[in-house]
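Descriptive analysis of the structure
Listed below are the residues making up each chain.
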Amino acid sequence: MITHKNISLFFLFLLLLLVLLNFYTAISWLWFIAIVLIWLGINAIGSSRISSDYHVKAYCNNSSETEKKIAITFDDGPSIFTLEVLDLLKKYDVKAIFFCIGKNIEAHPEILKQIIADGHLVGNHSYSHSKFFDFYNAETIKEEIEKTDQLLERFTSGKINFFRPPYGVTTPSIRRALKITGHKVIGWNIRSLDGGTKNKELIFNRIIKRVSPGGIVLLHDTASHSVLVLEQFLQFLQQNNYKVISIEELLNLNAYGIER
Ligand SMILES: [Zn+2]
């Protein structure tokens with residue numbers, strides 16, 4: 001399996017081999033640099049692709065699902081737009097999961113309360129969602145996860161089991177932090193990129209092109225254009241006989257636990 005550990009061991013072995021070879025015949029130093037650069041390149045790809053399982057196992061879909069069933073996830077709230085999202089979900093009788101940022105829960109605790117009251121699930125999406133989150137050490141990441149868990153668990157029926165790393169980037173420090181906290185990483189396989197563009201047509205077409213049985217959709221409850229696309233998307237699902245089920249049912253995992 002291509003994991004950070006396996007790849008690193010393999011490249012270390014290659015380096016040692018070159019060092020040994022160097023005793024018999026002069027090896028150009030360019031070979032050493034090339035090996036390190038390839039290792040760095042593989043690391044960059046593995047870290048930025050949540051579905052690669054490079055650092056951490058991430059649940060990104062249910063590939064054995066054959067029926068038209070998908071799960072919808074929202075990241076980065078709670079925000080003032082979450083209320084519009086909740087209204088739409090109610091209108092179409094759809095349940096979703098919200099991966100919340102700790103500092104946004106502190107700003108909008110009443111909105112988090114509403115999410116839970118409406119029957120949706122919640123998960124942990126770090127406390128700060130800092131641009132530098134991927135450079136944090138394991139201890140800081142663990143503290144962020146625990147702080148956000150405490151904020152969420154004031155409203156949930158049990159301990160938070162799901163974590164979604166900011167930007168979907170994983171690192172060795174995140175792996176070490178999660179080993180202690182015990183959270184499962186929930187990814188996605190249908191990304192709307194609604195955080196990158198405001199073009200509703202583009203976002204909508206991007207999602208519907210990728211929809212397939214067992215999929216997990218990533219949306220954001222932080223902007224008005226995302227809310228407009230959501231209504232279009234929910235209509236599309238209805239017209240195409242897609243059923244939105246909870247992430248728990250899709251992955252056969254529990255969002256909350258009594259004890260970890
Ligand atoms: Zn995010």
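Read on for an overview of the structure. (Residues numbered from 1 in each chain as written. Predicted model: local features only at pLDDT ≥ 70, side-chain atom pairs only at ≥ 80, totals over all residues. Heavy atoms only, no water.)

1. Re the packing of aromatic side chains
Per the counting criterion, the structure on display carries four aromatic pairs. Between Phe-74 and Phe-98, the ring centres sit 5.0 Å apart and the planes meet at 20 degrees, which makes this aromatic pair stacked. A residue pair is termed long-range when its members are at least 10 positions apart, and Phe-74 in strand S2 (residues 69–75) and Phe-98 in strand S3 (residues 97–100) qualify at 24 residues. Residue Phe-74 shares its accessibility class with Phe-98, and that shared class is buried. Above the plane of the ring of Tyr-59 lies Lys-57, whose end atom (NZ or CZ) is 4.7 Å from the centre. For the cation-ring pair, Lys-147 lies above Tyr-127, with the distance from its terminal atom to the ring centre recorded as 4.0 Å. (Phe/Tyr/Trp six-rings, centres within 6.5 Å; stacked < 30°, edge-to-face > 60°. Helix = DSSP H or I, 4+ residues; strand = E, 2+ residues; numbered from the N terminus. Buried < 20%, exposed > 50% of the residue type's maximum accessible area, 1.4 Å probe, protein only. Lys NZ or Arg CZ within 6 Å of the ring centre and 35° of its normal.)

2. Description of the side chain of Thr-156
Position of Thr-156 among the secondary structure elements: in the loop between helix H6 (138–153) and strand S5 (159–160). A residue is classified by how much of its surface remains accessible, and Thr-156, at 13% relative accessible area, is buried. Within the structure, the side chain of Thr-156 is placed 2.8 Å from the backbone oxygen of Gly-158, a separation counted as a polar contact. Beyond its immediate chain neighbours, meaning those up to four positions away, Thr-156 contacts Ile-116, Val-122 and Tyr-256. (Polar contact = N/O pair within 3.5 Å; in protein donor to acceptor, adjacent residues only side chain to side chain. Contact = heavy atoms within 4.5 Å.)

3. Some words on the coordination of the zinc ion
Distances from the zinc ion to its protein donors, namely Asp-76 (OD), His-125 (NE2) and His-129 (NE2), fall within the range 2.1 Å. In the primary sequence, the donor residues of the zinc ion line up as D-x48-H-x3-H. Accessibility classification places His-125 together with His-129 in one group, the buried group. (Donors = N, O, S within 2.8 Å, 3.2 Å for Na, K, Ca; no water.)

Read these as spatial facts, not as claims about activity.
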